[in-house]
Amino acid sequence: GANHRVWQRETYEQGPDGKVMTHVHSYTELATGLNYQDANGQWQESQELIEAFSGGAVARKGQSTVLFATPLHRTGSIDMQTPDGKRLRSNILGLMYVDTATGDAALIAQVQDAAGELISSNQVLYPNAFEGVKADVQYTYQRGSFEQDVILREQPPLPDAYGMNPETTELEVLTEFID
């Protein structure tokens, strides 16, 4: 099934009457996203694999399918189909400070034209992804999860440069979901 697999082996023992007895030993492995159904409806073991193609990359050997478009600033650059058939199209808009005490917000960096590159079998990196702050965006595709991380390559401007209290201000990634 989608989140389990049964492992089984048999051993044989000859009884006192000479008949062979079969002993079945089994256990059930449980893990989120363990298997996916292929185009023929057959269960296949999920693979943490992203494959490059002209204009982007695709992860399609798991319960969720994800298309990674290049460039990153394009509307709907990340297009995910969930196991229950939902389509989640998203893109990063920028980095912002939000003062949790006052509700004030300030955009400190906008996403820019950044090309994605496969850096491992299950990770896409968009280097120098922001205008205004040196930072990359990294996506990691795993059988039970999908992650979006921002990797800061320099200290962003401090919150007080925007008139915000550093004690109550958080740095947030502004991500837009289209679908």
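Going by the structure above, here's the rest.
What you are looking at is a predicted structure, and each value in this text was computed from that prediction instead of being measured. (Residues numbered from 1 in each chain as written. Predicted model: local features only at pLDDT ≥ 70, side-chain atom pairs only at ≥ 80, totals over all residues. Heavy atoms only, no water.)

K.L.:
With reference to specific residues and values, describe the sheet that holds strand S11 (residues 117-120).
P.N.:
With antiparallel pairing, the four strands of this open sheet are ordered in space as S11-S12-S14-S15. Single-partner strands in this sheet number two, and they are S11 and strand S15 (145-152). On average, adjacent strands in this sheet sit at an angle of 25° to one another, irrespective of strand direction. The pairing of strand S14 (residues 135-142) with S15 spans eight bridges and is antiparallel. Its bridge partner lying in S15, Gln142 is registered against Ser145. (Pairing = 2+ DSSP bridges. Helix = DSSP H or I, 4+ residues; strand = E, 2+ residues; numbered from the N terminus. Axes fitted to C-alpha atoms, helices over the stretch in contact; angles between N-to-C directions.)

K.L.:
Break down unusual backbone geometry for me, citing the residues and quoting the values.
P.N.:
In this chain, Thr70 is followed by Pro71 through a cis amide linkage whose omega measures 10°. The topology assignment puts Pro71 in the loop between strand S7 (65-69) and strand S8 (78-81). Here the phi dihedral of Asn128 falls at roughly 50°; this positive angle occurs in a residue that is not glycine. Its place among the elements puts Asn128 in the loop between strand S12 (123-126) and strand S13 (130-131).

K.L.:
Mind laying out the environment of Ser46, listing which residues take part and the relevant values?
P.N.:
Looking at the secondary structure, you find Ser46 in the loop between strand S4 (43-45) and strand S5 (51-53). Residue classification places Ser46 among the buried positions, given a relative accessible area of 8%. It is 31 Å that separates the C-alpha atoms of Ser46 and Leu93, two residues lying 47 residues apart in sequence. Not counting residues up to four positions away in its chain, the partners in contact with Ser46 are Gly33, Leu34, Asn35, Tyr36, Lys61, Gly62, Gln63 and Arg143. (Buried < 20%, exposed > 50% of the residue type's maximum accessible area, 1.4 Å probe, protein only. Contact = heavy atoms within 4.5 Å.)

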